[in-house]
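Here are the chains, one letter per residue:
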Amino acid sequence: MAAKKNSTSTQKSSTKKPSTTKASTKKPAPAKSAAGPTVPAWHVAPDKTKAWKKLTALSKTGNLMTGKSMDLRKAFAKDKSRGTKFAVEALGIHLDYSKNLIDGATMDALFALATECGVAKHMKAMFAGDAINVTENRAVLHTALRAPKNAVIKVDGKNIVPDVHEVLARMEKFANAVRSGAWRGHTGKRIRTVVNIGIGGSDLGPVMAYEALKDFTERSIDCRYVSNIDGEDFYEKTRDLDPEETLFVVSSKTFTTIETMTNAQTARAWSLKKLKDPAAVAKHFVAVSTNAAEVAKFGIDTANMFGFWDWVGGRYSMDSAIGLSTMVAVGPDNFREMLAGFHDMDEHFRTAPARKNLPYLLALIGIWNRDFLGCETVAVLPYCQYLHRLSAYFQQLEMESNGKRVQLDGSPCRWQTSPVIWGEPGTNGQHAFYQMIHQGTSPVPCDLIAFAQPLHAVGSEAAGEHHDILLANIFAQGEALAFGKTPAEVRAEGTPEWLVPHRTFTGNRPTNTMLIEKLSPRMLGRIIALYEHKVFVQGSIWRVNSFDQWGVELGKVLAKRIIPELSGAKPAKTAHDSSTNALIAKYRALRGR
Ligand code: G6Q
């Protein structure tokens, strides 16, 4: 969907079919106009579709919560090819979705739902740079961040691709200088630690990518991430560092976020305590922002600022200049490989038929689980230690994007939207919360993610290869969750009758398994873009704006009112409710204020 068209795009790629849209010079109307945005007629509400009615009927007979007729044991016994029928392979990612409570009829209805809701048209509008973020009247063009140099994507009539590549080239020069030692600190020492200061979208992506690509990093340079306003975060991340060898990357789209600005001011003071000379700031601070005026006000030379644009949402920005610390860590070539991976998935999403399209499949199965089977959470469980921050990253991506209760036109959603996303790497989770996933009262669909090739084949003759044991676990979990263990099977093991219910597993607990060739910068880009587009398809069907975050904006202003009341700068007010008043008074008393 699009509020009003504000741009045109032609993605030129030597090997791929270019996507073209009609040129339009029409400026979008301001989002705050009295009438608000117009939702195109093709962007149909999901519950107004025939497919939704069909899915509702199907869920009555196949619902894990209310019915028993969908049984994965029976489904697999009946159709011997189920495990390969409900699986697709693209870009080195094998997605097996056969262990979901779906059958051919469910899938047909889900694909019909996407068609009736206008997902393909909405996708075209996004790639074309239409202002699909209607509440902020902005284009949504994170896909432009990884577009090849020869692509043409226009915003307000201007091709933005050269700007993207100009920033990438500047990042590259800077990253190479830090990595080679050509960039020195104020006293002439090499930079040994890069500290990214940012929060939310300006933190979660860079940390996740740094951890995911640790094996590709320059190990002589350490990267650290300070995000929390809690001073303990800054203290712990800097306590063993030498300001002469430390470079801060202050990452903030707006450059006004209180956490980041406070941490940045503290970092400045921390540096200058040892370096003394304010001129040192130029060698120890760089900024990533869209707000040059605020960067200059902070005292960072805008020559050391790396820009991005308001058509990049915070949680979609890890492949923009927000990824500067990632680039320093892994080097420009690996960073470009990661961007190429993102672009591979963009092209797959744009061109593959829905039935073979990874983002469509993940999204539609998610909608089935959420809206028709009543599943309230989804666990993302990577069997890969390097991906230990992946679930936290997806938590923001999905919950901030689709955690909305009103439709694009402001009317309430009559259906469920974002589930809770959570998870930890396997096999650690198996020894903790998997108990509930196997035997709890609420079904938790799981995305099980593993790589076929380890980066390091660790093991010994006595213990065997760790990777085989790791993969045996992921396959065994998917199997157990799907098929469970019947009371008869438990009894056959000689279990006393009273213990049988405790040792019985119902099965029919949905999982997707992704078996991926090997972790690499390119593959990481593909995985992240896969989930970005999954979120897009779901948001599109749920008819919400996946690209605003008014709930987060609220948090940015609320605390500001109370700060002076805590510090003692202002007398404690009694203007709050009796609970908040009492808490403020208690805090002041405990701090002796
Ligand atoms: C992301 C959100 C949010 C944002 C942070 C940091 O989509 O908008 O997580 O990234 O609030 O904002 P700044 O980058 O402006 O500091």
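Residues numbered from 1 in each chain as written. Predicted model: local features only at pLDDT ≥ 70, side-chain atom pairs only at ≥ 80, totals over all residues. Heavy atoms only, no water.

**Brief notes about the packing of helix α14 (residues 358-372) against helix α20 (residues 521-542)**
Point 1. Put simply, α14 and α20 touch, their axes get as near as 8 Å, and they point 50 degrees apart. When the axis of α14 is compared with that of α20, the two are oblique. When you trace α14 past α20, the crossing you get is right-handed. Along the contact surface, α14 presents L358, P359, Y360, L362, A363, L364, G366, I367, R370 and D371, while α20 presents L530, Y531, H533, K534, V537, Q538, I541 and W542. (Axes fitted to C-alpha atoms, helices over the stretch in contact; angles between N-to-C directions. Helix = DSSP H or I, 4+ residues; strand = E, 2+ residues; numbered from the N terminus. Parallel < 35°, antiparallel > 145°, perpendicular 65-115°, else oblique. Left-handed = near helix turned anticlockwise from the far one by under 90°. Contact = heavy atoms within 4.5 Å.)

**Re the site of the ligand**
Point 1. What surrounds the ligand is a group of 14 residues, the closest being S202, S252, T254, T257 and E400.
Point 2. Take G314: an N or O atom from its main chain is 3.5 Å from an oxygen atom of the ligand.
Point 3. Here K556 contributes a side-chain N or O atom positioned 3.0 Å from an oxygen atom of the ligand.
Point 4. About the coverage of the ligand: the protein hides 93% of its 410 Å² of free accessible area. (Near = heavy atom within 4 Å. Polar contact = N/O pair within 3.5 Å; in protein donor to acceptor, adjacent residues only side chain to side chain. Areas by Shrake-Rupley, 256 points an atom, 1.4 Å probe, with all protein chains shown as cover.)

**Quick word on the sheet that holds strand β10 (residues 285-289)**
Point 1. The 5 strands lie next to each other as β8-β7-β9-β10-β11, forming an open sheet whose pairing is parallel. Looking along the sheet, the strands with just one partner apiece sit at the ends: β8 (222-226) and β11 (305-307). On average, each strand axis in the sheet is inclined to that of its neighbour by 20 degrees, with strand direction left out of account.
Point 2. The pairing of strand β9 (residues 246-251) with β10 spans 4 bridges and is classified as parallel. (Pairing = 2+ DSSP bridges.)

**Here we look at the sheet that holds strand β17 (residues 511-518)**
Point 1. In spatial order, the strands read β3-β4-β17-β14-β12-β13; together these 6 strands make up an open sheet with mixed pairing. The sheet is open, and its two edges are formed by β3 (87-90) and β13 (420-422), each paired on a single side. Neighbour-to-neighbour, the strand axes of the sheet open up by a mean angle of 15 degrees, direction not taken into account.
Point 2. Examined bridge by bridge, strand β4 (residues 93-96) and β17 share 4 bridges and lie antiparallel to one another. In the sheet register, L95 faces β17, and the bridge partner there is M514.
Point 3. Strand contacts of α14: β3, β4, β14 (446-453) and β17, with the helix running at about 25 degrees to β4, the strand carrying the most contacts.
Point 4. Those strands touched by helix α17 (residues 466-483) are β12 (377-383), β14 and β17, and its axis lies near 150 degrees from that of β14.

**A word on the packing of helix α4 (residues 104-116) against α14**
Point 1. Here α4 crosses α14 at 105 degrees, and the two axes come no closer than 10 Å. Put simply, α4 runs roughly perpendicular to α14. Across from T106, M107, L110, F111, L113 and A114 in α4, the residues of α14 making contact are Y360, L361, L364, I365, I367 and W368.
Point 2. Taken together, the residues of the contact of α4 with α14 sort by class into 11 nonpolar, 1 polar and no charged. (Nonpolar A, V, L, I, M, F, W, Y, C, P; charged D, E, K, R; others polar.)

**Things to note about the pairing of strand β7 (residues 193-197)**
When a strand is regular, its side chains alternate between the sheet's two faces.
Point 1. With 5 of its 5 residues buried, β7 lies for the most part within the structure.
Point 2. Burial along β7 is two-sided: T193, V195 and I197 facing one way and V194 and N196 facing the other are all buried.
Point 3. Bridging between β7 and β8 involves 5 bridges; their strand directions are parallel. Following the sheet pairing, V194 is matched in β8 by C223.
Point 4. Handedness of the β7-helix α7 (residues 204-212)-β8 crossover: right-handed. (Buried < 20%, exposed > 50% of the residue type's maximum accessible area, 1.4 Å probe, protein only. Right-handed = clockwise from strand over helix to strand, strands pointing away.)

**Some points on the nonpolar core**
Nonpolar side chains in soluble globular proteins tend to be buried together.
Point 1. Counting residues in each nonpolar core, the largest one holds 130 residues, and the members touching the most others are W311 and F394.
Point 2. Sort the elements by how many residues they give to this core and α20 lands first, with 12 residues.
Point 3. For F394, the contacting residues outside a window of four places in its chain are V380, M399, I421, I527, I528 and Y531.
Point 4. Core analysis: the next-biggest nonpolar cluster, separate from the first, contains 22 residues, A267, W270, A280 and I300 among them. (Core = buried A, V, L, I, M, F, W, Y, C linked by side-chain atoms within 4.5 Å.)

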